[in-house]
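Notes for the structure review
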Amino acid sequence: MTRFLVSLLLGATLLAAPVAAQDGPLRIEITEGVIEPLPFAVPDFVPDNPAAAQAAKDLARVVAADLTGTGLFREIPASAHIGSVSDFNAPVQYADWKAVNAQALITGAVSVSGQNLTVRFRVYDVFSGAELGSGLQFAGTVDGWRRMAHKVADQVYSRITGEGGYFDSRVVFVSETGPKNQRRKRLAIMDYDGANIKYLTDSAELVLAPRFSPTGDRVLYTSYESDFPRIYVLDVDAVERRALQTAEGTMSFSPRFSPDGRTVAFSLERGGNTDIYTLDIASGQQTRLTSTPAIETAPSYSPDGTQMVFESDRSGAPQLYIMPASGGEAKRISFGQGRYGTPVWSPRGDLIAFTKQNKGRFHIGVMRTDGSEERLLTASFLDEGPTWAPNGRVIMFARETQGADGRSTLYSVDITGRNLKQIRTPEGASDPSWSPLQN
Amino acid sequence: MGNLGKWIIAAALLGLAACNDPSRLGDGMGGAAAGSGTFAPGSASDPRSPIFFQEAIGDRVFFANDQSGLSPEARATLDGQSQWLLTNTDYTAVIEGHADEKGTREYNLALGARRANTVREYLVTSGVPASRLKTISYGKERPIEICSVEACYSKNRRAVTVLAGGLTG
């Protein structure tokens, strides 16, 4: 994979303390009930050499798309610009950008040498007339140019919001074709914005619910490859898979990695009863965590690895419970009307996202880990399977439409419930799992 | 045989992996001496034929929403299935559990397993050797009907007993 060099152009403290750059007026508080999107300008980046001309334009466009796509930023289009940037190091003419009401200005320069591409960028707080943070440089490959644009956009987003970014990330999901009764499914991986799609399995067998490892290098999923549902682990770069060894003659599914990547929590069905188990990948040791006659499935570890939230119908209908990661007494946390499923612990640790079914509608929602402050973010005929952006601020999920022509597609939504939007995929799509930020 | 073609079509409608495993359509058909001569061996009117099992007895039972309990109709069907399986000892069966689309994917997988197991236990209690019965769940992945109303859902919440001729060559 591509390796990125990160170097400071100016000797400031950016990497150590990106948050320190937000004291000025240029700041979006994501948690507030805003929002008038912050206007920004990102003129074409400056090509350092002729070979970089196309990349310089393309990078700026992807940076703009990333920022605009959050719903927190609004681009001042190039057609409205008065000024231009033809020298990355020349002083910024703030008046030109104030005049078009761009509060933030992003400038960049790109050089291409063979397969190597380097991008430098700066962010300016136009109305304060000062640079926000320091210039930064990323080096990678020409083929990986979109990733460098995402890295630039992550930096801009972080400096202005104070939150971690999420653009340099990927999504593994199930790509779907065919009608409901003849649906063919295969694993696919793409950038978070739908670019660079790649298929990881063929459609010969049914595959379900992939999940990234904590470092994004492996994927757990359930497949009927052996004519029987069982769990596989797939190396993303090598596209090599192997079955996890679980008990014979039983159905295993719903796998999730522990935060250290060494353990898999999953559901194992035996005699019609489904319980949660863990499997130590290295030793193969299997441990049973629940033992009720109810359905226990959809486990999700807390980011510190000490607890697990899961779904159980032990009360009569599916509800959410939290138990120690080694098993033990479980505490119910969902008490609202309806049925709760597919809990996923936020990477920040503060919230649990879930699917809720109530009065014939499906919702994606979030609640605190004690079950309080439940908020429903979406509503439709069938919304299902939330997954968290690396910064814990955005959720992606699958929405299936009603009826004989029903089709599943991916959507994302802010945890505020704003900015609901579809992720374009070439085929139908379900069961998304969002990777951590890439290295 | 025309019947074989019919079988393959029927299997495809059921979402079975028929092409992967021809044996599950019943090796027993060819060898089974049907006897009385009042019907064509292997046809729907042959009580020893898989088609008879599928159509006359009924290869599937249906469940109420989010339930895995057996209705009186389901028990009657399963009584017929167990009689047939006790008579036609060449056959094994895989019981497939299914759910409608109104549930999350993984919960529905577990629910389908619960339904399949309910059927298996009923058949075992009726005397069919447990070694001849396996279960699998497809959750909501293999609906028969594709509309999004109860008329379709009620047909998708099912457990299907799929015969395989596993004991004779």
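Coordinates for the structure precede this section.
These numbers were taken from a predicted model, which means no experiment stands behind them.

Considering the nonpolar core
Considering soluble globular proteins, one finds that nonpolar side chains tend to be buried as a cluster. All names here are of chain A. Counting residues in hydrophobic clusters, the biggest one holds 51 residues, and the most contacted among them are F45, L59, L67, F73, V110 and I160. Counting residues per element, this core draws most heavily on helix α1 (residues 53-69), which supplies 8 residues. Summarising the domain contributions, this core has at least three residues from each of domain 1 (5-161) and domain 2 (170-434). Excluding anything up to four places from it in sequence, L67 contacts F40, F73, I106, A153, V156, Y157 and F167.

With respect to the interface of chain A and chain B
Between chain A and chain B, the contact holds 40 residues from the first and 29 residues from the second. Across the contact surface, chain A and chain B share 7 salt bridges. In this structure, B:E106 engages A:R256 in a salt bridge whose closest nitrogen and oxygen atoms are separated by 2.8 Å. By residue number, the principal contributor to the side of chain A that touches chain B is strand β16 (residues 251-257) of chain A, which donates 4 residues.

Concerning the pairing of strand β17 (residues 263-270) of chain A
Residues and elements named next belong to chain A. Taken across its 8 residues, β17 has 7 buried, putting it largely inside the fold. Linking two consecutive strands that pair antiparallel, namely β16 and β17, is a turn of 5 residues; a positive phi of about 75 degrees is found at G261 within it. Where β17 meets strand β18 (residues 273-280), 8 bridges bridge the pair, whose relative direction is antiparallel. Paired with L268 across the two strands is D275, which belongs to β18. Hairpin geometry of β17 and β18 is characterised by an intervening segment of 2 residues between the two adjacent antiparallel strands and by a positive phi of about 55 degrees at G271.

A word on the packing of aromatic side chains
All names here are of chain A. Under the criterion given, the structure shown has 18 aromatic pairs over all chains. Directly above the aromatic system of Y199 lies the positively charged group of R186, at a separation of 3.5 Å from the ring centroid. A cation over an aromatic ring shows up here: R399 above the ring of Y411, its NZ or CZ 4.9 Å from the ring centre.

Here is what the cut-offs are and how they apply
- Residues numbered from 1 in each chain as written.
- Chains lettered and ligands numbered in written order.
- Predicted model: local features only at pLDDT ≥ 70, side-chain atom pairs only at ≥ 80, totals over all residues.
- Heavy atoms only, no water.
- Core = buried A, V, L, I, M, F, W, Y, C linked by side-chain atoms within 4.5 Å.
- Buried < 20%, exposed > 50% of the residue type's maximum accessible area, 1.4 Å probe, protein only.
- Helix = DSSP H or I, 4+ residues; strand = E, 2+ residues; numbered from the N terminus.
- Domains from an automatic or database assignment.
- Contact = heavy atoms within 4.5 Å.
- Salt bridge = Lys/Arg side-chain N within 4 Å of Asp/Glu carboxyl O.
- Pairing = 2+ DSSP bridges.
- Phe/Tyr/Trp six-rings, centres within 6.5 Å; stacked < 30°, edge-to-face > 60°.
- Lys NZ or Arg CZ within 6 Å of the ring centre and 35° of its normal.

Limitation: the analysis is restricted to geometry and does not speak to function.
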